[in-house]
Amino acid sequence: MQSRRGFLSMVAKQGGALWLAGIAAASRAAEPAPAPTPSLLPRLREVLDAVGKSAEVVTTPDGTRVMLLPYGGRVLGLFAPDSDENFYWTHPALESGETARKFYASTEWHNSGGDRTWLAPEVDLFLPAYPDTNTYWQPRELDPGSYKAVRGRDGLTLVNRLTVAFSRSGRNVALRMTKSVAPAPNPLRYERDVDLSGLSYAGYTQHTRLELRGERAKDAPMVGLWNLVQMPHGGELLIPVFYRSEPRVWFGEISPEDLAVQDRLIRYRMRARGEQKLGVRAVATSGRVGYFAGGGETTSLIVRNFAVNPSGEYVDVPWKDPDDRGYSTQACNVNSALGAFSELEYHIPAIGGTTGSARCDDTAQVWAFRGHEAGVLAVARRLLSADV
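Considerations on the overall build of the protein chain
- Along the backbone of the protein chain there are 4 helices and 22 strands.
- Relative to a compact globule of 388 residues, whose C-alpha radius of gyration would be 21 Å, the protein chain shows 20 Å and is just as compact.
- For the protein chain, the C-alpha atoms occupy an extent of roughly 55 × 50 × 40 Å along the three principal directions.
- Going through the 388 residues of the protein chain one by one, you find that 58% of them count as buried.
- Long-range pairs, those at least 24 residues apart, make up 68% of the contacts in the protein chain with a sequence separation of at least 6.
- Carbon and sulfur atoms make up 49% of the accessible area of the protein chain, which totals about 15,800 Å².

Focus: the environment of L142
- If you trace the backbone, L142 turns up in the loop between β7 (135–136) and β8 (148–152).
- Relative accessible area serves as the criterion here: at 2%, L142 is assigned to the buried category.
- Counting along the chain gives 54 residues from L142 to Y88, while the straight-line C-alpha distance between them is 21 Å.
- Discounting residues that sit within four places of it in the chain, L142 has contacts with T117, W118, L119, F126, Y147, N160, L162 and M177.

Structural notes on the pattern of salt bridges
- Taken as a whole and assessed by the stated rule, the structure comprises 25 salt bridges.
- Notably, a salt bridge pairs R43 with E46, separated by 2.8 Å at the nearest N-O pair. With R43 and E46 both in helix α1 (residues 41–50) and 3 residues apart, this pair spans about one turn of that helix.
- You can call R43 partly exposed: its relative accessible area is 38%.
- Judged by relative accessible area, which is 48%, E46 ranks as partly exposed.
- Note that D219 and K218 form a salt bridge whose closest N and O atoms lie 3.5 Å from each other.
- Shared partners join several salt bridges into a network, and the residues in it are R248, R281, D321 and D324.

Details of the confidence of the model for the protein chain
- Within the protein chain, residue pLDDT values average 91, and 90% of them lie at 70 or more.
- Low pLDDT, under 50, characterises residues 1–32; the stretch is placed with 98 contacts to residues that sit more than four places away or in other chains.

A few points about the packing of aromatic side chains
- As enumerated under the stated definition, the model contains 12 aromatic pairs in all.
- Judged by centre distance (5.5 Å) and plane angle (75°), the rings of W118 and W226 are edge-to-face. You can see W118 sitting in strand β6 (residues 115–120) and its partner W226 sitting in strand β12 (residues 224–232), a full 108 residues away along the chain.
- Looking at W118, the relative accessible area reads 0%, which means it is buried.

Some words on empty space enclosed by the protein
- All chains considered together, the criterion is met by 2 cavities of 30 Å³ or more.
- In this structure, the second largest cavity is lined by E253, I254, S255, D258, Y268, R269, A272 and Q276.
- Its residues assigned to classes, the lining of the second largest cavity shows 3 nonpolar, 2 polar and 3 charged.

Looking at the sheet that holds strand β16 (residues 265–269)
- With antiparallel pairing, 10 strands are arranged side by side in an open sheet as β8-β9-β10-β11-β22-β19-β18-β13-β16-β15. The strands lining the two open edges of the sheet, one partner per strand, are β8 and β15 (259–261). This sheet shows a mean twist of 20° between the axes of neighbouring strands, independent of strand direction.
- When strand β13 (residues 236–240) meets strand β18 (residues 288–293), the two strands line up antiparallel, connected through 3 bridges. Paired with L238 across the strands is G290, a residue of β18.
- Seen against the sheet, helix α4 (residues 373–383) touches β11 (199–212), β18, β19 (299–305) and β22 (359–371) and runs at an angle of roughly 15° to β19.

Parameters and conventions
Residues numbered from 1 in each chain as written. Predicted model: local features only at pLDDT ≥ 70, side-chain atom pairs only at ≥ 80, totals over all residues. Heavy atoms only, no water. Helix = DSSP H or I, 4+ residues; strand = E, 2+ residues; numbered from the N terminus. Rg over C-alpha atoms; globule rule 2.2 N^0.38 Å. Buried < 20%, exposed > 50% of the residue type's maximum accessible area, 1.4 Å probe, protein only. Contact = heavy atoms within 4.5 Å. Areas by Shrake-Rupley, 256 points an atom, 1.4 Å probe, with all protein chains shown as cover. Salt bridge = Lys/Arg side-chain N within 4 Å of Asp/Glu carboxyl O. pLDDT = per-residue confidence, 0-100. Phe/Tyr/Trp six-rings, centres within 6.5 Å; stacked < 30°, edge-to-face > 60°. 1 Å grid on protein atoms, 1.4 Å probe; cavity = no way out; pocket = protein on both sides within 12 Å on 5 of 7 lines; lining within 4 Å. Points joined across faces, edges and corners; volume = space filled by probe spheres on them. Nonpolar A, V, L, I, M, F, W, Y, C, P; charged D, E, K, R; others polar. Pairing = 2+ DSSP bridges. Axes fitted to C-alpha atoms, helices over the stretch in contact; angles between N-to-C directions.

Right, dumping it as C-alpha cells:
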C-alpha cells in the first residue's frame, strides 16, 4: 500500500520513503468505485487472529459492538446490535488471512482502516525535510506505534509512548497517547417526533489524551491530536457551519459539481478519482459532521460529534501556507491505488509552546444509523441541519 496521500504515489525501495509523483492536472468527478464486500465482524476477527493482530470487541449496554485493534491504536469496526456489517472502511487486504499476512509483512504504511489517531502539525511530523515536500513519511512511532492494551477499572485503554521529530524546529519530543471507548446511547432516543422504526443504531464515545513526557510545556513545540474516521467511498460529507465559509483546499482539485457551499451547510460529494482534501475553519464549524451514503433500505449516516474551541491553537496548516492556522475540520477523498474511502477528520487544540499546557483530553462521539433512506434523512436533518 502507498502513502495516505494519493499524490505520494511512488514507494522508494531504500528506507521506505514515499516520494511525490506530482499532482494530477485535474481530478474529474467520477462514479464511486465498485462497492467492496462489507467487512463482517466474525470474518474480520478471524483474519486478525490468524495473522497475530488480535482485536478486542467491546459491547456497550445498547448492544453496539466496537472493535478495538491495538495494532495502530484503532477503532477498526463499528457494528449495530442486529448486524455484523461494519460501518467503517477496512483495508481490502483484511478479507483473507493470506493477503493480510502479506500486507502486515510489507514495509508499506499499515493502514488497516477504521478510526485512527494521528498528530499535527502534518508539515512537522510527516514531511521530514519541510519546506521541501518531496518526501512524505508516516512516523512508525505514531502509526502503527507501540500501543499496549491496558485493562483497568474503566475497561480497556490503548497506550502509546513515543518520541517524534519536528522538522521545522529539529526537536525530538517525548509524548504519551491514550485512547479508550465508552457507550454513546442513541442521541435521539427521547425525541418523540422522530420516527426511528426500521433504523439500526450503533455508537460509542471515544476518549483520547495527549501528554508531554519529561519536558516543560513552554519549551516544547506545539502539537495536537488529530482523529480520522475512514468510511466506504462514494457518500456525501455534510458540515454544518455558523456562516457561509469557503473551505480551503489542501491538495488536489475539487470539482464545483462535488462541492456546494451554503449559508449554513457545506456539502462535499466524495466520489472523485484520485485524492483531494479540504479544511474548514474552527470559528465556522459547529462540532458535528455527518457522512450520508448508500440508498434505499441500506442508507447509512455516520455523525461525529466533537468539541470545537476557536480560542484553542489549531496547528495543522496547508503545506504551502504554514502561517494559516485555525482549521478544526477536514475531509479527504481517496479513490486510487490506496483504496477507495472517505475520511472525516477533526483536530484538537494543541499543547506545548505558548499554550502553557502539558496535557489535553478530548471526548467525542460517533453516532451511526442504517436503514431506509427517508428515516436516515430525517435523522440527518435533526442531528446536522434542516438544509440536508
